[in-house]
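# Summary of the model geometry
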Amino acid sequence: MRRPSLEVADIFLRHGAAWRAAQAGHLSLGQLNMMSTIETCRTAALGGHVEACEDCGHRRIAFNSCRDRHCPKCQGAAAREWLAAREAELLPVGYFHVVFTLPAEIADIAYPNKAVIYDLLFRAASEAMLTIAADPKHLGARIGTTAVLHSWGSAMTHHPHVHMIVPGGGIALDGERWVSCRPGFLLPVRVLSKLFRRLLLAKLTDAHAAGRLRFFGDNAGLCDHRAFAAFLAPLRRKNWFVYAKPPFAGPEAVLAYLSRYTHRVAIANSRLIALDEASVTFRYKDYRRNGEERYRTMTLEPAEFMRRFLLHVLPKRFHRIRHHGLLASANRKANIARARELLAARQPKDECGGSNSADATAPTDWRPPCPCCGGRMIIIETFERGSDARAPPSGSSTSGARAS
């Protein structure tokens, strides 16, 4: 795949130093580190290796990736590796896509409280799903969910929401049968919305009482318990956004969706159009419009572009992909096996009996093939950070390196 002509790294390299100086004392260590790692990603600063084609001998240099989860260049391989593991867990049932969104008022106080409020968003959304699904008036079953946090809108504004992928059914509460949902319908979104609202507001109240929330600027007065209660009161009457999309066409469609969403960052390099001394232009979707009018372009000052991008740096060690219910890590393997048994599905072979079909066909080497003959590229030399390859490659000089 050809490298995009413009990257987020180019914007940081061209305008980042001046902006960091102007914002001294206002950027977190995580934001500064992220900018630095993206700037050096796939450059000689991180070292690399020389690859050679086994068939024609063509050589190329491949610089190391920074592997930062916010880097637009590093998420492709990470997504493929994650998907290879998830593919074996898919059940032969329809899958649904459910979205839980924070109201704008709570999104406003979430930015300085990312670790706490994003965690509460996950917890309230998953608890609402599991509770309503277990209710005999609805599904009456234990379900599993895979949830992914996105904190951005298409224009990189702060818009925290959770995407959930949910199998269309679950294991009956007595564990003796598989309960399928109705065709094209998983759970009532209005009921989910009301429970999600109640759970999150209760969790926010508890977090405030425990002194876990911080408030600054115009929101500084919310430190007072009565002021915070008054702030939450209107939200108890507001309709909260929970959206259930139509079910996927099949397991392949689920994987295609996950490959686009699980490791997505605030903006992909492919959406960038132009960069100069005064502006950055990129493509975005305006969801208030329909058809071709939805696809638009936006131009921002470089400082504003970088500010928006850095809004979405996650706290260190914060997990933005989480599994709940049947798919929770502790009992996931046993629960999937039981679900397959109840569905009368063929179970994948275990380690003693050989790998399953997904593992057998999953690629283990993500290196692009030889550009000359399509042959397999192998590593013939490695070099450390800040060093150069001892011998120049034949043909194209670099792979993944940024043009100067």
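Everything here concerns the structure above.
Described in the following lines is the structure provided in the data block. (Residues numbered from 1 in each chain as written. Predicted model: local features only at pLDDT ≥ 70, side-chain atom pairs only at ≥ 80, totals over all residues. Heavy atoms only, no water.)

## So, the sheet that holds strand S11 (residues 280-285)
Convention followed: If DSSP finds at least two bridges between two strands, the strands pair. Each helix is a run of H or I in the DSSP string that is no shorter than four residues. Each strand is a run of E no shorter than two, and both are numbered from the N terminus. To define axes, lines are fitted to C-alpha atoms, for helices over the stretch in contact only, and angles between the resulting N-to-C directions are given on a 0 to 180 degree scale. Whether two residues touch is decided by their heavy atoms; if any such pair falls within 4.5 Å, the residues are in contact.
In space, the 3 strands of this open sheet follow the order S10-S11-S12, with antiparallel pairing throughout. In this open sheet, the two edge strands, each paired with only one partner strand, are strand S10 (272-275) and strand S12 (295-300). Within the sheet, the average angular offset between the axes of one strand and its neighbour, ignoring direction, is 25 degrees. Taken together, the 6 bridges between S11 and S12 define a ladder with antiparallel strand orientation. The partner of Lys285 across the bridge, within S12, is Tyr295. Of the strands in this sheet, S10 and S11 are in contact with helix H1 (residues 8-22), which crosses S10 at around 20 degrees. Here helix H9 (residues 302-310) sits on the sheet and contacts S10, S11 and S12; the angle it forms with S12, its principal contact strand, is near 115 degrees.

## Focus: the environment of Ser270
Applied cut-off: Here the term buried applies to any residue with accessible area under 20% of the maximum for its type, exposed to any over 50%, and partly exposed to those in between, with areas from a 1.4 Å probe on protein chains only.
Tracing the backbone through its elements, the reader meets Ser270 in the loop between helix H8 (251-261) and S10. With relative accessibility at 49%, the residue Ser270 sits in the partly exposed group. For the pair Ser270 and Phe282, spaced 12 residues apart in the sequence, the C-alpha separation amounts to 8.9 Å.

## Observations regarding the packing of helix H6 (residues 189-209) against helix H7 (residues 225-232)
To keep it simple, the criterion reads: In what follows, roughly perpendicular refers to angles from 65 to 115 degrees, roughly parallel to angles under 35, roughly antiparallel to angles over 145, and oblique to any angle outside these ranges. In a left-handed crossing the near helix is turned counterclockwise from the far helix by less than a right angle, and in a right-handed crossing that turn is clockwise.
Contact pair H6 / H7: the axes reach a minimum separation of 11 Å and the direction vectors enclose 165 degrees. Relative to H7, the element H6 is oriented roughly antiparallel. In this structure, the crossing between H6 and H7 has a hand that is right-handed. Contacts from Leu201, Leu204, Thr205, His208 and Ala209 in H6 reach His225, Phe228 and Leu232 in H7.

## Some points on the packing of aromatic side chains
Worth spelling out the cut-off: Each aromatic pair joins two rings of Phe, Tyr and Trp (for Trp, the six-membered one) with centres within 6.5 Å, and gets the label stacked for planes under 30 degrees apart, edge-to-face for over 60, and tilted for any other angle. The rule for a charge over a ring is simple: NZ of Lys or CZ of Arg within 6 Å of the ring centre, and within 35 degrees of the ring normal.
Under the counting rule described, the total for this entry stands at 10 aromatic pairs. Ring centres of Phe100 and Phe196 lie 5.0 Å apart, and the angle between their planes is 65 degrees; this geometry places the pair in the edge-to-face category. Residue Phe100 is located in strand S3 (residues 95-101), and its partner Phe196 is located in helix H6; the two are separated by 96 residues in the primary sequence. Residues Phe100 and Phe196 agree in their burial class; the two are buried. Above the face of the Phe185 ring, Arg182 is positioned so that its terminal group lies 4.4 Å from the ring centre. Between the NZ or CZ atom of Arg322 and the centre of the ring of Phe318, over which it lies, the distance is 4.8 Å.

## A closer look at the packing of H1 against helix H2 (residues 29-40)
Quick note on the threshold: Gly falls in the polar group here, along with every residue not listed as nonpolar (Ala, Val, Leu, Ile, Met, Phe, Trp, Tyr, Cys, Pro) or charged (Asp, Glu, Lys, Arg).
Contact geometry for H1 and H2: axes closest at 9 Å, N-to-C directions at 135 degrees. As far as their axial angle goes, H2 and H1 are oblique. Like other packed secondary-structure pairs, H1 and H2 cross with a definite hand, here left-handed. Across the interface between the two elements, Val8, Ala9, Phe12, Leu13, Gly16, Trp19 and Arg20 of H1 pack against Leu32, Met34, Met35, Ile38 and Glu39 of H2. Of the residues belonging to the contact of H1 with H2, the class tally is 9 nonpolar, 1 polar and 2 charged.

## Considering H2
For clarity, the cut-off: Expected span of a helix, by definition, is 1.5 Å for each gap between consecutive residues, and there is one gap fewer than residues. In this description, one arc is meant: the one made by directions from the helix axis to the C-beta atoms.
Here H2 is 12 residues long and its end C-alpha atoms lie 17 Å apart, about the 16 Å a rise of 1.5 Å per residue gives. Taken residue by residue, H2 has Gln31, Met34, Met35, Ile38 and Glu39 as its buried positions. On an axial view of H2, the arc spanned by its buried residues comes to 130 degrees, and they lie on one face. Packed against the buried residues of H2 are H1 and H9. Phi turns positive one or two residues past the end of H2, at Arg42, with a value near 55 degrees.

## Observations concerning the environment of Ile109
Within the secondary structure, Ile109 sits in helix H4 (residues 104-110). Distance from Ile109 to Arg214, taken between C-alpha atoms, is 8.4 Å for residues 105 residues apart in sequence. Apart from the residues within four sequence positions on either side, Ile109 is in contact with Ile117, Phe215, Asn219, Leu222, Phe228 and Phe231.

## Here's the deal with the pattern of salt bridges
As a reminder, the rule being used: Whenever a carboxyl oxygen of Asp or Glu lies within 4 Å of a side-chain nitrogen of Lys or Arg, that contact is scored as a salt bridge.
The final tally for this structure, using the stated rule, is 17 salt bridges. Residues Glu277 and Arg14 are paired through a salt bridge, measuring 3.0 Å at the closest nitrogen-oxygen approach. You can see Glu277 sitting in the loop between S10 and S11 and its partner Arg14 sitting in helix H1, a full 263 residues away along the chain. For Arg288, the salt bridge is made with Asp286, and the minimal N-O distance between the two is 3.1 Å.

## Brief notes about the sheet that holds S3
Pairing is antiparallel across the open sheet formed by 5 strands, whose spatial order is S9-S3-S6-S5-S13. On the outer flanks of this sheet lie strand S9 (242-245) and strand S13 (321-325), each paired with one strand and no other. Sheet twist, expressed as the average angle between the axes of neighbouring strands with direction ignored, equals 25 degrees. Direction of pairing for S3 relative to strand S6 (residues 158-167): antiparallel, over a ladder of 7 bridges.

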